[in-house]
Amino acid sequence: MSKHPKLETLRILHYPDPRLRERAAEIRAIDGFLQELAHRMDELMKEAGGVGLAATQVGLGIRFIVMNPTPEPDKVQTYINPVILSREGKVMEEEGCLSLPGLFAKVRRAERVRVRAQLPNGETVEMEADGLAARAWQHEIDHLDGGLFVDRVGPAARIIIRNQLKAFEEDFRQASSHVGTAESDAPPAPASEKTRTRKART
Ligand code: NI
């Protein structure tokens with residue numbers, strides 16, 4: 001990135017913010033900013049009780065994700081230019097997203113994925129992921145391509161979540177019509193949601 005944003009101003013964008021629909025660019029140069037960004041994104045992810053967060057969710061169009069699919073709070077993983085090399089199996093599980101707080105729906109995903117990414121030290125790693133980690137990889141890479149998990153729900157679930165999506169759209173319209181930026185005016189996730197940390201809210 002040519003110009004680095006102030007990290008303390010970053011907030012998690014909520015659907016239907018149009019920045020969530022942009023395809024993120026490859027990261028060409030790994031610098032110290034990414035380490036600071038990882039720290040800030042981990043902070044935002046923890047505050048919101050999530051297991052993953054993509055840079056597009058904080059308004060940065062770069063291929064950068066943090067995730068922590070483990071129960072240990074200090075085990076955050078940071079990946080640069082992540083890609084899925086292969087997918088195996090299918091599994092239907094309930095999923096959520098920090099950009100749609102409080103909304104959950106069943107989504108079909110590959111059960112296992114083989115992935116590749118760069119680490120902040122520049123090293124390239126390849127690994128297998130399954131369970132919650134596999135789901136988080138697929139969910140976060142969708143974000144980097146401008147996708148949201150609600151794009152992937154089946155027709156029956158779509159009817160169930162329709163009114164919740166409309167409520168997000170109405171909140172966004174109201175926040176956007178106020179002075180200031182939409183994301184800083186967006187309401188925080190309800191307190192009851194913050195305790196549901198082990199779901200794939202990413
Ligand atoms: Ni998400």
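Up top is the structure these notes are about.
Below you will find a few notes about this structure. (Residues numbered from 1 in each chain as written. Predicted model: local features only at pLDDT ≥ 70, side-chain atom pairs only at ≥ 80, totals over all residues.)

Topic: the nonpolar core
For the record, the criterion: We call a set of buried Ala, Val, Leu, Ile, Met, Phe, Trp, Tyr and Cys residues a nonpolar core when their C-beta atoms link them within 7 Å. Counting other C-beta atoms within 10 Å of its own, a residue is labelled buried from 20 upward, exposed at 12 or fewer, and partly exposed in the gap between, with every C-beta atom placed from the backbone. Helix and strand assignments come from DSSP, with helices taken as H or I runs of at least 4 residues and strands as E runs of at least 2, each series counted from the N terminus. Distance between backbone-placed C-beta atoms decides contact: two residues are in contact if it is within 7 Å.
One finds Met41, Leu53, Ala55, Phe64, Ile65, Val66 and Trp137 to be the most contacted residues of the largest nonpolar core, which totals 42 residues. Breaking this core down by element, the ones donating at least two residues are α1 (32-48), β1 (52-54), β2 (64-67), β3 (77-88), β5 (104-109), β6 (112-118), α2 (131-144) and α3 (155-177). Of the residues forming this core, the biggest block, 6 residues, is contributed by α2. Not counting chain neighbours up to four residues away, the residues in contact with Trp137 comprise Pro82, Ile84, Val113, Val115 and Ala129.

Observations concerning the sheet that holds β1
As a general point, the strands of a sheet are linked pairwise by backbone hydrogen bonds and lie either parallel or antiparallel. Here is the rule we go by: Only when DSSP finds a minimum of two bridges between them are two strands counted as paired. Inter-axis angles, ranging from 0 to 180 degrees, are taken between N-to-C directions of lines fitted to C-alpha atoms, where helices are fitted over the stretch in contact.
Spatially, the 5 strands line up as an open sheet ordered β1-β2-β3-β6-β7, and their pairing is antiparallel. Whereas interior strands pair on both sides, the edge strands pair on one side only; in this sheet they are β1 and β7 (124-130). Put simply, the sheet's adjacent strands are angled 40° from each other on average, direction ignored. As paired strands, β1 and β2 are joined by 3 bridges and run antiparallel to one another. The residue of β2 that forms the bridge with Gly52 is Met67.

Some details on α1
Put simply, the test is: To estimate the expected span of a helix, count its residues, drop one, and scale the result by 1.5 Å. By construction, the arc corresponds to the directions joining the helix axis to the C-beta atoms.
Between its terminal C-alpha atoms α1 stretches 25 Å, which fits the 24 Å expected from 17 residues at 1.5 Å a residue. For α1, the full list of buried residues reads Leu34, Leu37, Ala38, Met41 and Met45. Take α1 and look down its axis: the buried residues cluster within an arc of 105°, on one side only. In this structure, α1 carries Gly32, Gln35 and Glu36 as exposed residues pointing more than 90 degrees from its buried face. Those residues of α1 that are buried are in contact with β1, β2 and β3.

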